[in-house]
Every structure is written in C-alpha cells, then in structure tokens.
Amino acid sequence: MKNKVPLFLLERPSSDSFIPGKGGLKISFIEKGIHHLADVIKTGYIQWETASSDNFFQKIDARVKILFLLFYIIIVSLKKNIPSEVLIGAFVFVLTFLSRLEIFNLYKRVLFFAFIFGFLIALPSALNVITKGEIILPLLHLSKPYRFWIYQIPEEIGLTREGVYGVLMLTSRVMNSLALSFFVLYTTPFTEIIKALKVLKVPDSFLMIVTLSYKYVFIFAKTIEDMHLAMKSRLAGKVSNAEGRRWIAGRLALMFKKSQQRCEEIFKAMLGRGFSNNIKFYGVKKLQTRDWVASAVFFIVGVLFLWI
Amino acid sequence: MHIPDGYLSPQTYVPLYGVSLVFWSVALKKINKELSIKHIPYLAMSAAFSFLIMMFNVPIPGGTTGHAVGAGIIAILLGPWTAVIAVSVSLIIQAIVFGDGGITAIGANCFNMAVVMPFVSYWVFRLIKGNADGGARLSIAAFLSGYVSLSVAAAVTGIEFGIQPILAATPDGRPLYAPYPLSVALPAMALEHLLLFGIVEGIVTVLLFRYFAKNEPGLVYSLTVKEA
C-alpha cells in the first residue's frame, strides 16, 4: 500500500487570524513555537514515509548505508578541489534519482542549508581583507591602508580569486555532506540507523537511550504543540513579554515533570517485560547478496573518488 | 553553535570525537553507579527534554524571540554528568534526523555544547550560589551560569574554527576548511554570544530555575546534591 503524506500535515498552521490589529495581539512566540514543533513532527513523518518505500537504496541493509555515509562524508571532507566535489555531488544525485526520492524537496532543503551555512557564512572570507590574492572584483577604494592592532585593511578592498575558490569549495563540501546525510536519512528508518550503529561498536545501552529519546521527542513535541494551540485558542488580548516568559517557564517545567514521570512508567514497563541489567538489541539480519554487491560497488567508487 | 560538515579538518574532528568519547564513557559509568538499571529511561527522558528546550521560543525584551541551547539549565537541573549524555543524545538526534550540525562534527558539537557548557554552567552556578538557599543571589547565579557557559562554549567553537587555516591550508596559504583566522573567528563568535545569545541563554536559565526553585526545589540536582 502506498503511503502519502496527508495534505493537512504539509500545510503550515494558519496565522491569518492572528495578524496584529489595533488591540496589539502579540503572540509571535506562540506562533513561532507552533511552526517549530510542526516542522519537527512533519520532518519525522516524511522521513518515516520515504524510508519505508521499496526502492533502490531503501532495500539495502542499514549497516551498509551507515558505512556508506561515514565513508563518503570522510571522502567529501578530504577532497581539496571543486571538480572532485562536483563528481561526488553528481553521484549522490544519481543515487537519489534511482531511489525515487522527491528530488525537489530533498535538494530544496540541501540548498537552503548549504546557502546559509556554506555560502553566506564563508562569503566575507573571499575579500582580500581575509584571503590574500589576486583581486578579481574590486569593491572599495580607500584613501590609504589602515592598521588597527593585529588587523590590516588594505587600500583596495575586493574579492580575490583564491577567496572565491575557497568559498565555492566550502559551499560544495557543505552541500555534498548535507546531500549525503539527507539521502541516507530519507531512505532509512531512524530505528534501523540506530540498530546499524552496532557495527561501529556503539554500546547497546547507548543505542537504547537514543531510540527511546527519539520516540519521546515526537510524543512530547505533540504535547507541546497542543499546549501552544490551547493557549492560542484562549487568547483574546495582548500578552506582555513578562507574561509570555512566565507561561513558557511553566510549560517547560511541566514538560520536565512529565518526562520524569514517564521515566518511572517506562522503567516499570521494562521491568514488567523481563528487563534485566543486560541490554541487548535483537533483530539484526544477515547481509544478503545485494548488500554485499552494493558494499563492493560503493567501496570501489569511493576509492576512485579518493584517487582522482 | 552547531558546526556543519565541511568546516573542520580531520585533524580537528577526529581528536574531538576522541575527547567526547572519553566524557561519554565516564558519564555513563558515573550515572550507572548512581542510578543502576534505572539510568536508561532516565537518560532517554532527560535527552528528550534537552531536545525540547530548544523548541520553545521565549519572548525577550525588545519585542523579539529567541531560544536557548539549554545545556546550562540541564546541568543545574540534572547535574553535569547527566547533562553530558542528555545533551549529546539530543545533538546526535539533531544531526542525524534534522541535519542540524554535521556528522563529522558530532564530536566537536558534543564537546562544545554537551561537555564544556554543562560543566562551566554547573560550576559557575555553584561558585556564585555559595551557601545561599534563596533570594536574588540564586537568580544571579542561574543567569550567569547560562550566560557564561554559552559564551565560553562559543569561544571554544571560535578557537576550533580559527585554528583551521593553521592546521589545513594549500601550499600557497589558501585555507581548506573554515576560512577565518583566529583573530577573526574568536572575536566574532565570542562577541555575538557575549552581547546577544548569551543574554537569551541567561534569561531562559534564570526563568526556568526560578520556577523550579519556587515550585519543585526537590527536582533540582544542584540544590539537593552536596559535592564532596
């Protein structure tokens, strides 16, 4: 049966009815909270849906995918030229296409993060104030160079060839790393990812903590969203900043109490199901032929990327 | 504060994985000793709470909103060693599920936000609190623990960025990873956190602390546990 995300889950919560009027309804902290929480729940849901489909990369064992992710992310971090990064990017794009993921949605997210964390943050480093080199685009001409403590500002300020190359290199590296992470994430259920970490000798007790925590993040996120919506639906006037802060502090404290109560309940449930001090993750399957073939192919391609 | 992939050289992220690993092992051992078999659900719920703190947008003076990292208040509420695991798990989930912070940078991010921040916060709180049982001194201690811990963590992050051009550059001097030298990265990271984000962290820490100290003082680790 094909899963589809219900449309209502893809819609952002409406804020039309809360456009500040003369009354000065200031509830942006509630709106932002709801958007933030809705994004968390939506991301989890979309990931679960795309990861549980039956396409090329989804069929491969999670252990192979984890090793693939680590191997390729390390390759991306080791490469020192743009053409290699472009080739790796193209390879990930082909894998995304073969796995029938929604390319537009995945790359929209990748490009957004790469633009902010790769391009925008690194852009000022293209100036000759930071990276010395041949100026290819002069931007400002000062009457004389300035010196302040350990900082030097040259007479002519502009983008250097070396600086621009550095920015493009960093952006492509950030983009490839993000594309790889999202690709594996969108093709592997989170619980499988965690189980697969066993190949890296991560202790079972630590994996159990991460798995439990992940499940309860979504349960609590829904609870907090309900609290925000309940508050929003009861508001008829202005909320002062101080009142808003008190409300948030109260909700956070309530969440803390709830999480502590849940801890007791989960512990009793674990005891009731025969839990002992010895935690073991079961259900690890044997690798199939296609997993071995995929591993070999990814390894050979990875070594080729390292070599070029 | 979340370092993405691509900014740190292997010479930085590999040792930081190692350092974080040491703290995780010690933390798990310490917690296991204190809590025995109950530690799994306790840490899982603490990690979930650590994750959720960042979901709350807090109105701050000036008409805008901000959210905290939360490692400071977690350390005060649960103790620094529990905070190491709780914040680390929360950061690992953020990196794997939401792409917030890089996979190669998990060790560095955990070191900055799950090791440096909780320990600085906890000890600043204890130092300023002294023997006081209540009053403004406790609130000041809570504010400063959030403020100082985030600022120190930001400075450490700035140092990690700033040493990249020294550690990894082409023969002609072009940086291969984070491009800004220490003279730019450190002041940039430290100043923005000292002047803005540190204050938000301090406000959230003091708000939550006051609520707990008034209504649920028994749940606050740093008010109930006496250090040897």
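Residues numbered from 1 in each chain as written. Chains lettered and ligands numbered in written order. Predicted model: local features only at pLDDT ≥ 70, side-chain atom pairs only at ≥ 80, totals over all residues. Heavy atoms only, no water.

Asker: Explain the overall build of chain B here, please?
Answerer: Each helix and strand in chain B was counted, giving nine helices and two strands. Of all 228 residues assigned to chain B, the portion counted as buried reaches 63%. Restricting to contacts in chain B with at least 6 residues of sequence separation, those with at least 24 account for 73%. Accessible surface computed for chain B: about 7,900 Å², of which carbon and sulfur atoms make up 67%. (Helix = DSSP H or I, 4+ residues; strand = E, 2+ residues; numbered from the N terminus. Buried < 20%, exposed > 50% of the residue type's maximum accessible area, 1.4 Å probe, protein only. Contact = heavy atoms within 4.5 Å. Areas by Shrake-Rupley, 256 points an atom, 1.4 Å probe, with all protein chains shown as cover.)

Asker: Sorry, what's going on with the interface of chain B and chain A here?
Answerer: Listed per partner, the contact involves 62 residues of chain B and 80 residues of chain A. Both sides of the chain B and chain A interface together cover about 6,500 Å² of buried area, and 77% of this is carbon and sulfur. Along the contact surface separating chain B from chain A lie zero salt bridges. Our enumeration of links across chain B and chain A arrives at ten residue pairs in polar contact (both at pLDDT 80 or more). Elements represented by at least two residues in the side of chain B that touches chain A include exactly helix H1 (10–35), helix H2 (39–53), strand S1 (58–60), helix H3 (71–78), helix H4 (80–98) and helix H8 (182–215) of chain B. At 13 residues, H2(B) tops the list of elements feeding residues into the side of chain B that touches chain A. By residue class, the composition of the side of chain B that touches chain A is 48 nonpolar, ten polar and four charged. (Buried area = accessible area lost by both parts, 1.4 Å probe. Salt bridge = Lys/Arg side-chain N within 4 Å of Asp/Glu carboxyl O. Polar contact = N/O pair within 3.5 Å; in protein donor to acceptor, adjacent residues only side chain to side chain. Nonpolar A, V, L, I, M, F, W, Y, C, P; charged D, E, K, R; others polar.)

Asker: Would you explain the pattern of salt bridges in this entry?
Answerer: When the charged atoms of two side chains with opposite charge come close together, those side chains can pair. All names here are of chain A. Tallied over the entire structure, the rule returns four salt bridges over all chains. Here Lys222 makes a salt bridge to Glu225, at a shortest N to O gap of 3.6 Å. Taken as a pair, Lys222 and Glu225 lie in helix H8 (residues 204–234) at a separation of three residues, close to a single helical turn. Between Lys222 and Asp226 there is a salt bridge, and its shortest N-O distance comes to 3.1 Å.

Asker: Is there a simple way to think about the confidence of the model for chain B in this case?
Answerer: Low pLDDT means the predicted coordinates in that region are not meant to be read closely. For chain B, per-residue confidence averages 84 on the pLDDT scale, and 89% of positions sit at 70 or higher. Taken element by element, the predicted model of chain B shows its lowest mean pLDDT in strand S2 (residues 64–66) of chain B (59) and its highest in helix H5 (residues 106–129) of chain B (92). (pLDDT = per-residue confidence, 0-100.)

Asker: Help me understand unusual backbone geometry in this model?
Answerer: Peptide bonds are trans in most cases, and residues, glycine excluded, mostly fall at negative phi. For Arg100(A), which is not a glycine, the phi torsion comes out positive at approximately 55 degrees. Checked against the element boundaries, Arg100(A) lands in the loop between helix H4 (82–98) and helix H5 (103–122).

Asker: Sorry, what's going on with the environment of Tyr180(B) here?
Answerer: Mapped onto the elements, Tyr180(B) comes out in the loop between helix H7 (164–167) and H8. Tyr180(B) sits 18 residues away from Gly162(B) along the chain, and the two C-alpha atoms are 5.9 Å apart. Beyond its immediate chain neighbours, meaning those up to four positions away, Tyr180(B) contacts Ile121(A), Ala122(A), Leu123(A), Pro124(A), Ser125(A), Ile130(A), Phe161(B), Gly162(B), Pro165(B) and Ala185(B). A distance of 2.6 Å separates a polar side-chain atom of Tyr180(B) from the backbone oxygen of Ile121(A).

Asker: What exactly am I supposed to notice about the layout of surface pockets here?
Answerer: Empty space left among the atoms is revealed by rolling a probe the size of a water molecule over them. The volume enclosed by the second largest pocket comes to roughly 770 Å³. Taken together, 31 residues line the second largest pocket, and the ones lying closest to its centre are Leu197(A), Leu200(A), Val202(A), Tyr17(B) and Trp24(B). Secondary structure elements with two or more residues in the lining of the second largest pocket: helix H3 (62–78), helix H6 (161–187), helix H7 (190–196) and H8 of chain A together with H1 and H4 of chain B. Among the elements that take part in the lining of the second largest pocket, H1(B) stands out by supplying seven residues, more than any other. For the lining of the second largest pocket, the residue count by class is 26 nonpolar, four polar and one charged. (1 Å grid on protein atoms, 1.4 Å probe; cavity = no way out; pocket = protein on both sides within 12 Å on 5 of 7 lines; lining within 4 Å. Points joined across faces, edges and corners; volume = space filled by probe spheres on them.)

Asker: What am I meant to see in empty space enclosed by the protein here?
Answerer: Evaluation of the coordinates by the stated rule reveals two cavities of 30 Å³ or more. Quantified by volume, the largest cavity comes out at close to 70 Å³. As for the largest cavity, its lining consists of 13 residues, of which Gly166(A), Val167(A), Pro175(B), Tyr177(B) and Pro179(B) are closest to the centre. Of the residues in the lining of the largest cavity, the class split is seven nonpolar, four polar and two charged. Size it by volume and the second largest cavity reaches roughly 30 Å³. What lines the second largest cavity is His2(B), Leu91(B), Ala95(B), Asp100(B), Gly101(B), Gly102(B), Ile106(B) and Asn109(B).

Asker: Would you take a moment to explain the nonpolar core for this structure?
Answerer: Judged by nonpolar contacts, the single largest core of 142 residues is most densely connected at Phe68(A), Phe298(A), Ile85(B) and Ile93(B). Other than its neighbours up to four places away in sequence, Phe298(A) contacts Phe57(A), Ile60(A), Phe68(A), Phe71(A), Tyr72(A), Phe91(A) and Leu95(A). (Core = buried A, V, L, I, M, F, W, Y, C linked by side-chain atoms within 4.5 Å.)

Asker: Would you take a moment to explain the pairing of strand S4 (residues 156–160) of chain A for this structure?
Answerer: Residue and element names in this part refer to chain A. Judged by how many residues are buried, S4 sits mostly within the fold: four of five residues are covered. Here strand S1 (residues 135–141) runs beside S4; their pairing, made up of five bridges, is antiparallel. Each residue of the ladder has a partner; that of His141, found in S4, is Glu156. (Pairing = 2+ DSSP bridges.)

Asker: Where do I start with the environment of Phe305(A) in this structure?
Answerer: All names here are of chain A. By secondary structure assignment, the location of Phe305 is in helix H10 (residues 289–307). Remark: the alpha-carbon pair of Phe305 and Val76, spanning 229 residues in sequence, is separated by 9.0 Å. Excluding residues within four positions of it along the chain, Phe305 makes contact with Tyr72, Ile75, Lys79, Leu87, Ile88 and Phe91.

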